[in-house]
Amino acid sequence: MAAATSAIDDYIREYLLFRGFTSTLKAFEAEVKSDKDKSFKVDRVIQQLFSHVTNHDLLSLRDFWQHLHRRFFSRLNQSLSNAVHTLETCLYRLYLVHNLQNGRVEKVTEFFEKMSPDLQNQPEWKDWFILPYIKNAEQHPIFEAYFTKSWCDTFTVSLYNFLSVIFQHMPLPALLNFEAEKQKIRELEVEKRSLQNEVRALTTAATAQKMSKMKLPIKPAVKEIRKKTEGSGGTDSAERGGDRSNKGKATATATATAPKVTKPSPEKTDWKLAAPPIDLPPPYSASTAIVESPIALMSLKPTGAGAMLADSDDDQPFLVLGQDFYEEHCGHVTHCCFSSTGSLIASADTEGIVKIWSFAPIQTKATVTTSAEVLSLNWANRIDRMLFIGTGNGLIRLFDIESKRIYCEIESEPQYPRIVSLTSSPNGQYLIYGCASKYPSPPPPSSPPSAQNPISPGKSIRTKLLSKSDYFGALVCWDIKAMKEERNLTLDPGPTAINCASFNHNGNLLVTGAADGMIRLYDMTQWDVLMGWQGHIGEVYAVEFSCDETTVFSAGEDGKFLQWSLHHIGQRIADLSLPLEATNPLQAAGYTGTDTIPRGRLFAFDSEGQYFITCGPSNGLVYKLEDASLEVAMSLGGHSQPVVAVDWSTATHCGACLTGSLDGTVRVTTLLKQ
């Protein structure tokens, strides 16, 4: 709601200027500056409360809390009154503890003198009236818990979450409901398209079932026809019999000399591909016809060893409603991602071309051309019109989809020209980007690239070339609303390049993976590192919170896919196995640029966190995560080269999976959970 409020304020300013209401505009600006609601931004409300605490200003603290009570808390259900009272009590106790820690005992005495009429009848304050007269209160068994940092952090998080829920569930005026209604209409349109695809798929299945039940006439055997012919020829003349005999010999000779035609066996067919030399699943039967029906696509099963990539039975967890193919890229696709609503898709290739398009039906909305390689790509949260593009020349381009122009360009520090990661906060206010130093030039190629020397997955040669200084980088927070740099986040130990980052659901926590193999967890309310641990040997390529946000998943250069506990620092819960292509870099033999092909998102979870999709040798692989173990659920095939980027949109009931491949195509598969 905070983002919508700021946008509506801008609209009001524009309207007042258009109408020439300058006096009203001045009054409006004055009231906005003195706004006690802080534009419904929770972090600013908490910052205001804590500023009164640190300034030892009891009167201002009471006035601001009473304003919040009149404005918001008094309208809540009676069942939440106890929660409000508990938070108020904790806030006043925080004020007392802060005064004692700073040696302001007179402020503690003043507090009880002014507040005693309100507190003396509350049993939870009975023991606190002795606080001004106790020496070393932090060691007293009643008060020692309130002097710890953990209690202060717990109270801060509780207050933040409570205010966030209140602001999100406030009844909105019609003007603020505009964005919500617009978003709802978009979701309904996407759901309508999904249902239309489902109807078409069911119609195709019904037609196929009806055709299979039709009985076709059986042709008589050739042998029986020949017998009948020979039996009816007894009264013919000898000459006609001789002619028949000659014709029979000629036919036999022609049959004997003709080449024997047999159907190729799928187990023995030698398939030669110009794709990477990796263990691809054996192809489908050569006699299988190409079908475009979603139901038919599901019925195709790989033969031989390739059957391990798909379910051996028909009980797949998802029903494939349809597939859409995007083939307008000229180079290798390196990134692809859904917008927050799932209605738009952005994809990038090695030629520096970024395409923004929609599916069902496929339609290109905009094209962005960059002079440098695209190293990172992401959408702004909550709004579909803003796309972030990170390049190898130190620029981040903010592209506006509606106006189809570059809205702003952000330039990184000169010593860190590679924008390797882009992450938008859940409320859409902040952009977190990781920038890194240049790679050293690789050794000259021993042979030019060819079909015998293509792109292949494996250990990156980067580990043999880099020194410690080559892993330098920075993690920067950019305020999108104010269009200015907010701050540089601490990297300890550092500096190091941050390859990936991910927020939790409310943006309070940020987890990052770095080139030094470290995984760091940030408290974004304090802009500081909460914890960090060595996650991988080599670089960390991808990190994600689990659905319940009690664990973190990571994939690294060492080829491992790990699950970590957030309750115990550095405790590994599971060491899971994935295909080589899902975690290792793609190395280009003889490539004269960077030694590895840029890669997009390596894995993405569904809405329940039970299934996730990751990269495969020529497909997207959907795994089921259960009891710290993995099971292949289904395979989303269709590519001829390795998949390097995946995404899973959960904005609608029918989820959609995205796979981008080095063959230059992006495929959207619409799934319905069975």
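Here the structure is a predicted model, which means the values were calculated and not measured.

K.L.:
Would you mind showing me how to read the confidence of the model for the protein here?
P.N.:
Should the pLDDT be low somewhere, the predicted coordinates at that spot are not to be read in detail. Scored by pLDDT, the protein has a mean of 77; 77% of the residues are at 70 or more. For the protein, the element scoring lowest by mean pLDDT is helix H11 (residues 294–299), at 33; strand E3 (residues 345–349) scores highest, at 95.

K.L.:
What exactly am I supposed to notice about the pairing of strand E26 (residues 611–615) here?
P.N.:
Working note: regular strand, side chains alternate between the two faces of the sheet. Of all the five residues making up E26, five are buried; the element is thus mostly covered by neighbouring parts of the structure. Where strand E25 (residues 603–605) lies against E26, three bridges are found, and the strand directions are antiparallel. Within E26, the position partnered with Ala604 by the bridge is Ile613. Connecting E25 to the antiparallel partner E26 that follows it, the hairpin turn spans five residues, and Gly609 within it adopts a positive phi of roughly 75°. Where E26 and strand E27 (residues 620–626) come together, five bridges link them in antiparallel fashion. Following the sheet pairing, Cys615 is matched in E27 by Gly620. Here E26 folds back onto E27, and the loop between the two strands holds four residues.

K.L.:
Can you walk me through the nonpolar core in this structure?
P.N.:
The nonpolar side chains of soluble globular proteins are, as a tendency, buried together. Ranked by internal contacts, the top residues of the largest apolar core, which has 44 residues, are Leu49, Trp65, Phe73, Leu96 and Phe111. Counting only elements with at least two residues in this core, the list comes to helix H3 (42–54), helix H4 (58–71), helix H5 (81–101), helix H6 (105–119) and helix H7 (149–168). The leading source of residues in this core is H5, at nine residues. Residues contacting Leu96, with those up to four places away along its chain left out, are Val108, Phe111, Phe112, Trp125, Trp128 and Leu131. Listed in part, the 31 residues of the second largest apolar core include Tyr541, Phe561, Leu576 and Ile613.

K.L.:
I would appreciate a short explanation of the sheet that holds strand E6 (residues 374–379) in the present structure.
P.N.:
Strand pairs in the sheet, formed through backbone hydrogen bonds, run parallel or antiparallel to each other. Within the open sheet, the four strands sit side by side as E6-E7-E8-E9. Their pairing is antiparallel. Taken across any chain shown, the strands that pair with only one partner, and hence form the sheet edges, are E6 and strand E9 (405–411). Shown here is a sheet whose adjacent strand axes are inclined to one another by a mean of 20°, direction ignored. Strand direction decides the pairing type here: E6 and strand E7 (residues 386–391), joined by five bridges, are antiparallel. Across the sheet, Leu377 pairs through a bridge with Ile389, a residue of E7.

K.L.:
What exactly am I supposed to notice about the sheet that holds strand E20 (residues 551–556) here?
P.N.:
In spatial order, the strands read E19-E20-E21-E22; together these four strands make up an open sheet with antiparallel pairing. Two strands lie at the open edges of the sheet, namely strand E19 (540–545) and strand E22 (572–576), each paired on one side alone. Across the sheet, the mean angle separating the axes of adjacent strands is 20° when strand polarity is ignored. Looking at chain direction, E19 and E20 are connected through five bridges and run antiparallel. Bridge assignment links Phe545 to a residue of E20, and that residue is Val552.

K.L.:
So what exactly am I meant to see when it comes to the pattern of salt bridges here?
P.N.:
Going through the model one piece at a time under the given rule, you end up with 16 salt bridges. Salt-bridge contacts for Glu29 lead to Arg13; the nearest nitrogen and oxygen are separated by 2.7 Å. Of the two residues, Glu29 sits in helix H2 (residues 22–33) while Arg13 sits in helix H1 (residues 2–19), which places them 16 residues apart along the sequence. In this structure Glu29 comes out as partly exposed when scored by relative accessible area, which is 27%. In this structure, the salt-bridge partner of Lys114 is Glu110, at a minimum N-O distance of 2.8 Å. Here Glu110 and Lys114 lie together in helix H6, a separation of four residues that amounts to about one turn. In this structure Lys114 comes out as partly exposed when scored by relative accessible area, which is 47%. Bridged by salt links that share partners, the residues Asp10, Arg13 and Glu29 form one connected network.

Definitions and cut-offs
Residues numbered from 1 in each chain as written. Predicted model: local features only at pLDDT ≥ 70, side-chain atom pairs only at ≥ 80, totals over all residues. Heavy atoms only, no water. pLDDT = per-residue confidence, 0-100. Helix = DSSP H or I, 4+ residues; strand = E, 2+ residues; numbered from the N terminus. Buried < 20%, exposed > 50% of the residue type's maximum accessible area, 1.4 Å probe, protein only. Pairing = 2+ DSSP bridges. Core = buried A, V, L, I, M, F, W, Y, C linked by side-chain atoms within 4.5 Å. Contact = heavy atoms within 4.5 Å. Axes fitted to C-alpha atoms, helices over the stretch in contact; angles between N-to-C directions. Salt bridge = Lys/Arg side-chain N within 4 Å of Asp/Glu carboxyl O.

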